[in-house]
Amino acid sequence: MTPFDKIDIHDILPQRPPFVMIEKLLHVDDRITRTALHVREDNIFCEDGQLTESGVIENIAQTCAARMGYINKYVSNDTVKLGFIGSLRNMEIVRLPLAGETLVTQIDVREEIFRMTLVDATVRVGDELIASSEMKISVTDIARRENE
């Protein structure tokens, strides 16, 4: 198995720059996935030195996408598939992350039924919880085009 620090995040995500909202895959197992993002001032979702609410939500969604991309590419030897946010519930943003901070986002899989995955998500800066939510992701059969 390829070590997480050797994985190019672009190989497991359907998103492409400038829309990539994670930088590193830190951990994947049957239940938990963790990613990291260093918030930069030039991030497409950064306004007035802060990552917007939309950026935090997209960071969570892309952590889900990284999980599925990792499973597709490294476990199933398949292509990376496109997915969509099915629902977002109980979203709580304690504060917006600042440019220069590093987010560690964790998703905990609660249920997987057919092509739907329900996760609990947390976003932290160091030990500080800055956001949490419940997200439902639907994965399609549509493969990411490799030449993009």
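Up top is the structure.
Residues numbered from 1 in each chain as written. Predicted model: local features only at pLDDT ≥ 70, side-chain atom pairs only at ≥ 80, totals over all residues. Heavy atoms only, no water.

> Could you give an account of the overall build of the protein, with specific residues and numbers?
Assigned secondary structure in the protein consists of one helix and eight strands. Since a compact globule built from 148 residues should have a radius of gyration of about 15 Å, the 14 Å found for the protein is in line with a globular shape. Dimensions along the principal axes, computed over C-alpha positions, put the protein at roughly 40 × 30 × 25 Å. A total of 148 residues make up the protein; the buried ones form 45% of that total. Considering only intrachain contacts with a sequence separation of at least 6, the fraction spanning at least 24 residues in the protein is 64%. (Helix = DSSP H or I, 4+ residues; strand = E, 2+ residues; numbered from the N terminus. Rg over C-alpha atoms; globule rule 2.2 N^0.38 Å. Buried < 20%, exposed > 50% of the residue type's maximum accessible area, 1.4 Å probe, protein only. Contact = heavy atoms within 4.5 Å.)

> Which residues make up helix α1 (residues 53-75), and what values go with them?
When the terminal C-alpha atoms of α1 are compared, their 32 Å separation across 23 residues agrees well with the 33 Å that a helix rising 1.5 Å per residue should span. Within α1, 17 of the 23 residues are buried, leaving the element largely enclosed by the surrounding structure. (Expected span 1.5 Å × (residues − 1).)

> An account of a negative patch on the surface is requested, with residue identities and associated values reported.
Residues Glu41, Asp42, Glu47, Asp48 and Glu53 make up a contiguous surface patch of negative charge. Note on placement: Glu41 falls in the loop between β2 (32-38) and β3 (46-47). With relative accessibility at 52%, the residue Glu41 sits in the exposed group. (Patch = residues over 30% accessible without salt bridge, like charges linked within 9 Å, V, L, I, M, F, W, Y side chains within 5 Å. Areas by Shrake-Rupley, 256 points an atom, 1.4 Å probe, with all protein chains shown as cover. Salt bridge = Lys/Arg side-chain N within 4 Å of Asp/Glu carboxyl O. Lys, Arg positive; Asp, Glu negative; His and termini not counted. Charge placed at Lys NZ, Arg CZ, Asp CG, Glu CD.)

> Break down the pairing of strand β6 (residues 102-113) for me, with residues and values.
As defined by bridge partners, β2 adjoins β6 across seven bridges and the pair is classed as antiparallel. Residue Thr35 lies in a different strand from β6, and its bridge partner there is Thr105. Pairing analysis gives nine bridges linking β6 to strand β7 (residues 116-125), with the strands arranged antiparallel. When the bridges of β7 are listed, Ile113 appears paired with Met116. From the end of β6 to the start of β7, which pair antiparallel, there are two residues, and Phe114 there has a positive phi angle of about 50 degrees. (Pairing = 2+ DSSP bridges.)

> How would you sum up the pairing of strand β1 (residues 24-28)? Please name residues and give values.
Bridge analysis of β1 against β2 gives four bridges, and the strand direction is antiparallel. Paired with Leu25 across the strands is Thr35, a residue of β2. If you look at the hairpin formed by β1 and β2, you'll find three residues sitting between the two strands.

> Can you explain the packing of aromatic side chains? Please cite residues and give values.
Going through the model one piece at a time under the given rule, you end up with three aromatic pairs. Taking the centre distance of 5.5 Å and the plane angle of 50 degrees together, the rings of Phe4 and Tyr70 count as tilted. Of this pair, Phe4 sits in the segment before β1 while Tyr70 sits in helix α1, placing them 66 residues apart in sequence. For Phe4, a relative accessible area of 23% corresponds to the partly exposed category. Assessed through its relative accessible area of 6%, Tyr70 is described here as buried. Among the aromatic side chains, those forming a connected cluster through ring pairs are Phe4, Tyr70 and Tyr74. (Phe/Tyr/Trp six-rings, centres within 6.5 Å; stacked < 30°, edge-to-face > 60°.)

> Help me get a handle on the nonpolar core, residues and values and all.
Formed by 23 residues in total, the largest nonpolar core has its most connected members in Leu51, Leu103, Val123 and Met135. Apart from residues no more than four positions distant in its own chain, Leu103 is found in contact with Thr35, Ala36, Leu37, Val39, Leu51, Asn59, Pro97, Val123, Arg124, Val125 and Ile130. (Core = buried A, V, L, I, M, F, W, Y, C linked by side-chain atoms within 4.5 Å.)

> An account of the sheet that holds β1 is needed here, citing residue identities and associated values.
Taken together, six strands build an open sheet; the order of strands is β1-β2-β6-β7-β8-β5 and the sheet is antiparallel. Whereas interior strands pair on both sides, the edge strands pair on one side only; in this sheet they are β1 and β5 (81-93). Pairwise comparison of adjacent strand axes, ignoring direction, gives a mean angle of 25 degrees for this sheet. Here α1 sits on the sheet and contacts β1, β2, β5, β6, β7 and β8 (128-143); the angle it forms with β6, its principal contact strand, is near 60 degrees. (Axes fitted to C-alpha atoms, helices over the stretch in contact; angles between N-to-C directions.)

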